[in-house]
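A structural walkthrough
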Amino acid sequence: MDWYLHNILTIVTFLPLLGALALLLVNKENKRLIIQGATWIAFADFLLSVPLFFMYNAEQGGFQFEVRASWIPSLGVQYYVGLDGISLLLLLLTTFLGVISILSSWTAITERVKEYYIFMLLLQTGMMGVFISLDFFLFYIFWEAMLVPMYFLIGIWGGPRKLYAAIKFFLYTLLGSVLMLLGILAMYFYYPKVSGGAVTFDIPELIRVLGPLTDPYWFEMSRWIFLAFFVGFAIKVPMVPFHTWLPDAHVEAPTAGSVILAGVLLKMGTYGFVRFSLPMLPQATRYYLPWMLALSVIGIVYGALVAMVQKDWKKLVAYSSVSHLGFCMLGIFALNQAGLNGGILQMINHGLSTGALFLIVGLIYERRHTRMIAEYGGLSKVMPVFATMFMIVTMSSIGLPTLNGFIGEFTILMGAFTIPSGYGFQVPVIGFVGGKFWAVCGVLGIVLGAAYMLWLYQRTMFGKLDNPENAHLKDLDFREVMTLVPIVALCFWIGIYPKPLFRILERPVAELAQRLEGTASAPVAQDGAAAQGIGDAAAVPAGTIADARP
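Residues numbered from 1 in each chain as written. Predicted model: local features only at pLDDT ≥ 70, side-chain atom pairs only at ≥ 80, totals over all residues. Heavy atoms only, no water.

**Digging into the overall build of the protein chain**
The condition is simple: Secondary structure counts use DSSP, requiring at least four H or I residues in a row for a helix and at least two E residues in a row for a strand, with both numbered from the N terminus. Atoms counted for the radius of gyration: C-alpha only. Globule rule: 2.2 Å times the number of residues to the power 0.38. Relative accessibility thresholds used throughout: buried, under 20% of the residue-type maximum; exposed, over 50%; partly exposed, between the two (1.4 Å probe, protein chains only). Contacts are residue-level and defined by heavy atoms, with any inter-residue pair within 4.5 Å sufficient. The charge count includes Lys and Arg as positive and Asp and Glu as negative, but it does not include His or the ends of the chains. Lysine's charge is taken at NZ, arginine's at CZ, aspartate's at CG and glutamate's at CD.
The secondary structure content of the protein chain amounts to 24 helices and four strands. In terms of overall dimensions, the protein chain is globule-like: its C-alpha atoms have a radius of gyration of 23 Å, near the 24 Å expected for 550 residues. Expressed as a percentage of its 550 residues, the buried residues of the protein chain come to 62%. Counting only contacts in the protein chain whose residues sit at least 6 apart along the sequence, the fraction spanning at least 24 positions is 79%. Charged side chains in the protein chain number 33 positive and 31 negative. The centres of these two groups are separated by 6 Å.

So this is what it looks like as structure tokens:
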């Protein structure tokens, strides 16, 4: 038992990989065994991950369940894994949606079944590895490894433009990954100069040593590292203007691929900002803060407006992700505890609600083989269970009280309304834009989100049942209901009683906020050109971050 508890993260992460290797030995004609085997492997992995939620000590700081082993000593590379509250929730989200995605694929995938489930399990290992890695070398391997299964899932089992979407997804993400690697190597080689020790990829050690640095040379260098990380993570989020790969990937991907893409893969971008950019590069974070806030609110409003005019059901949900992830970014870059709590919780909420929306689109597509909104209307008359599930998930997405979306959005707005007024831009004619302006834009995004989601529901579920092809559609069967019921239950649980999640997040978020506040008043030399680039907010008054606590 002690061995199991010590290695629980390794077991949970690599069990899907072992399952994929086992499926290689199964005859490809035995589809039933392959499907059931993949489902049981994913379900067992989820069950193994659940005890982490109860064993995690929310009162203890730092990382838990750590495993450290020397890997490549000459390069300072280790097999080093562990969890804090942030990565714990994302790991549980990954194992949960992994089961749901495989369960939803039973009837949707009929060709090359063996290869499909092998890639799904390989993708599961890659995603979990990203969240548990505490060594940059190991993190980068998992980050790159997960691209390959998703590329094949889109490219083989996708829609008519699947190759275009798969290649675009791969090239965008690969570009960001290469730039991120340059940032990692810059910190790797700079660390010995300030620590006097050997080179290392140890993430907690790099945060401890590089995070508090305030000398002008490091500040100049950290700005470039921040930009390298920014491109890598912003593509993954995705933030405007790096978002153009997302609608194509979502529309062309199979249903399970869209669920995983929206539910987990996009969170790796926001996770990267929280885990690396903020604690390692706090001075550079504040330097670029007005730009980050601006891009966040642009994403919120732009994503909502574009979603409102979509004729394709799935593409509407895809653009809603751009808007919702912009909301997560707004909370994260509020740089206070309320905003960070809300931003991280909203990452979980988005994974549940938008994952369910993609499942719903997939279920109706299996019956009608069209995603055009105009083809539907009055479906609640023939599919009442489907309409009920869709209504609950819609309310979750727009943030109705008692559902999970409300808790995340409310907490984000609490943080956004306390952003110091100095963070902004001097705009011709309008004047200075900043402070509470960012929160007002967030509120506008919520209103627009309610508009396009309720309009979608009204056009598809209500009205006359004019299209004869919809008159005899079958309602959800037991398996399909069971793919949605667990998500709906979690949406209500988080919306009514979010205390356990906030308790898990409290310590790591407080430590992150403390790091940001600890360097808020540190003097840093700022050149005139840089100051002009950020308007009046380039030199932030000492203590503004600390004063912004809710």
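Once you've had a look at it, read on.
**Description of the packing of helix α19 (residues 404-416) against helix α20 (residues 437-461)**
What counts is decided by this rule: In this analysis an axis means a line fitted to C-alpha atoms, helices contributing only their contacting stretch, and an angle means the value between N-to-C directions, from 0 to 180 degrees. Put simply, angles under 35 degrees are roughly parallel, angles over 145 are roughly antiparallel, angles from 65 to 115 are roughly perpendicular, and the rest are oblique. For a crossing to be left-handed, the near helix must be turned anticlockwise from the far one by less than a right angle; the clockwise case is right-handed. Three classes are used: nonpolar for Ala, Val, Leu, Ile, Met, Phe, Trp, Tyr, Cys and Pro, charged for Asp, Glu, Lys and Arg, and polar for all others, with Gly counted as polar.
Direction vectors running N to C along α19 and α20 enclose 160°, while the axes themselves pass 9 Å from each other. The angle between the axes of α19 and α20 places the two elements in the roughly antiparallel class. Of the two elements, α19 crosses α20, and the hand of that crossing is left-handed. Facing Glu409, Leu413 and Ala416 of α19, the residues of α20 in contact are Ala439, Gly442, Val443 and Ile446. Split by residue class, the contact of α19 with α20 holds five nonpolar, one polar and one charged.

**Details of the pairing of strand β1 (residues 64-72)**
The line we're drawing: Any two strands between which DSSP finds at least two bridges are classified as paired.
Pairing between β1 and strand β2 (residues 77-83): six bridges, direction antiparallel. Considered in β2, the bridge of Ala69 is made with Tyr79. Here β1 folds back onto β2 in antiparallel fashion, the turn holding four residues, of which Gly76 has a positive phi close to 75°.

**Some points on the pairing of β2**
By the criterion of burial, β2 is predominantly enclosed, with seven of the seven residues buried. On β2, burial covers both faces: Val77, Tyr79, Val81 and Leu83 on one face and Gln78, Tyr80 and Gly82 on the other are all buried.

**Topic: unusual backbone geometry**
Between Val237 and the following residue, Pro238, the backbone shows a cis peptide bond with an omega angle of -5°. For the bond running from Val240 to Pro241, omega is 10°, close enough to zero to count as cis. Position of Pro241 relative to the elements: it lies in the loop between α10 (216-236) and α11 (245-252). Of note in the backbone geometry, Phe65 takes a positive phi value of approximately 55° without being a glycine.

**So, the nonpolar core**
Rules: Only buried residues count toward a nonpolar core, which is a set of Ala, Val, Leu, Ile, Met, Phe, Trp, Tyr and Cys residues joined through side-chain atoms within 4.5 Å.
Among the nonpolar cores identified, the biggest contains 194 residues, and Phe136, Phe229, Trp313 and Phe333 are the most heavily contacted of them. Take this core: its biggest share by element is 14 residues, from helix α17 (residues 337-368). For Phe136, the residues in contact, after removing those within four places along its chain, are Ile184, Met187, Phe201, Ile203, Leu206, Phe229, Phe276 and Met280.

**Details of the pattern of salt bridges**
Put simply, the test is: A side-chain nitrogen of Lys or Arg and a carboxyl oxygen of Asp or Glu constitute a salt bridge if their distance falls within 4 Å.
Under the definition given, this model contains twelve salt bridges. For Arg368, the salt bridge is made with Glu375, and the minimal N-O distance between the two is 3.1 Å. Accessibility expressed as a relative area gives 9% for Arg368, which makes it buried. Glu375 sits in the partly exposed class, given a relative accessible area of 32%.

**Let's talk about the packing of aromatic side chains**
Filter applied, for reference: Planes of paired rings set the category: under 30 degrees apart is stacked, over 60 is edge-to-face and the rest tilted, where pairs are Phe, Tyr or Trp rings (Trp by its six-membered ring) whose centres lie within 6.5 Å. Only when the NZ atom of a Lys or the CZ atom of an Arg is both within 6 Å of the ring centre and within 35 degrees of the ring normal do we say a charge sits over the ring.
Tallying each qualifying case throughout the model produces 42 aromatic pairs. Centroid distance Tyr188 to Phe189: 4.9 Å. Interplanar angle 75°. Geometry classified as edge-to-face. Look at Phe189 and you get exposed, because its relative accessible area is 52%. Geometrically, the ring pair formed by Trp313 and Phe390 is tilted, given 5.5 Å between the ring centres and 35° between the ring planes. Here the residue Trp313 occupies a position in helix α16 (residues 313-332), and Phe390 occupies one in helix α18 (residues 384-398), the gap between them amounting to 77 residues. For Trp313, a relative accessible area of 1% translates into the label buried. Within the aromatic cluster, the residues linked to one another by ring pairs are Phe136, Phe139, Trp143, Phe229, Phe230, Phe233, Phe242, Phe273, Phe276 and Phe333. Here Arg223 stacks its cationic end above the ring of Tyr287, 4.5 Å away from the centre of that ring.

**What about helix α2 (residues 8-23)?**
Quick note on the threshold: Expected span of a helix: the number of residues minus one, times 1.5 Å. One axis fitted to the seven residues ending at a residue, another fitted to the seven starting there: the angle between these axes is the bend at that residue.
End to end, α2 covers 23 Å across 16 residues, agreeing with the expected 22 Å (1.5 Å per residue, within 8%). Largest kink in α2: about 40°, centred on Phe14, with the proline Pro16 one to four residues after it.

**What about the confidence of the model for the protein chain?**
Basically, it comes down to this: The predictor reports its confidence for every residue as pLDDT, a score running from 0 up to 100.
In the predicted model, the protein chain carries a mean pLDDT of 88, and 93% of its residues have values of at least 70. In this model, residues 523-550 is a region of pLDDT below 50 whose contacts with residues beyond four sequence positions or in other chains number 49 contacts.

**Description of the environment of Gln124**
Basically, it comes down to this: Throughout this description, a polar contact denotes any pair of N or O atoms lying within 3.5 Å of each other; where both atoms belong to protein, one of them has to be capable of donating a hydrogen while the other can accept it, and for residues adjacent in sequence the pair is counted only when both atoms sit in side chains.
Mapped onto the elements, Gln124 comes out in helix α5 (residues 113-132). When near neighbours in sequence (up to four residues on either side) are disregarded, Gln124 contacts Pro16, Asp45, Thr94, Thr95 and Gly98. Among the polar contacts listed, one links the side chain of Gln124 to the backbone oxygen of Thr94, at a separation of 3.0 Å.

**Observations concerning α18**
Taking 1.5 Å as the rise per residue, α18 with 15 residues should run 21 Å; its terminal C-alpha atoms sit 21 Å apart, in good agreement. For α18, the tally of buried residues reaches eleven of 15 residues, placing the bulk of the element in the interior. Within α18, burial applies to Phe386, Ala387, Met389, Phe390, Ile392, Val393, Thr394, Met395, Ser396, Ser397 and Ile398. Elements that come into contact with the buried residues of α18 comprise α16, α17, α19, α20 and α21 (478-496). In the segment just after α18, Gly399 is the residue with positive phi, at about 85°.

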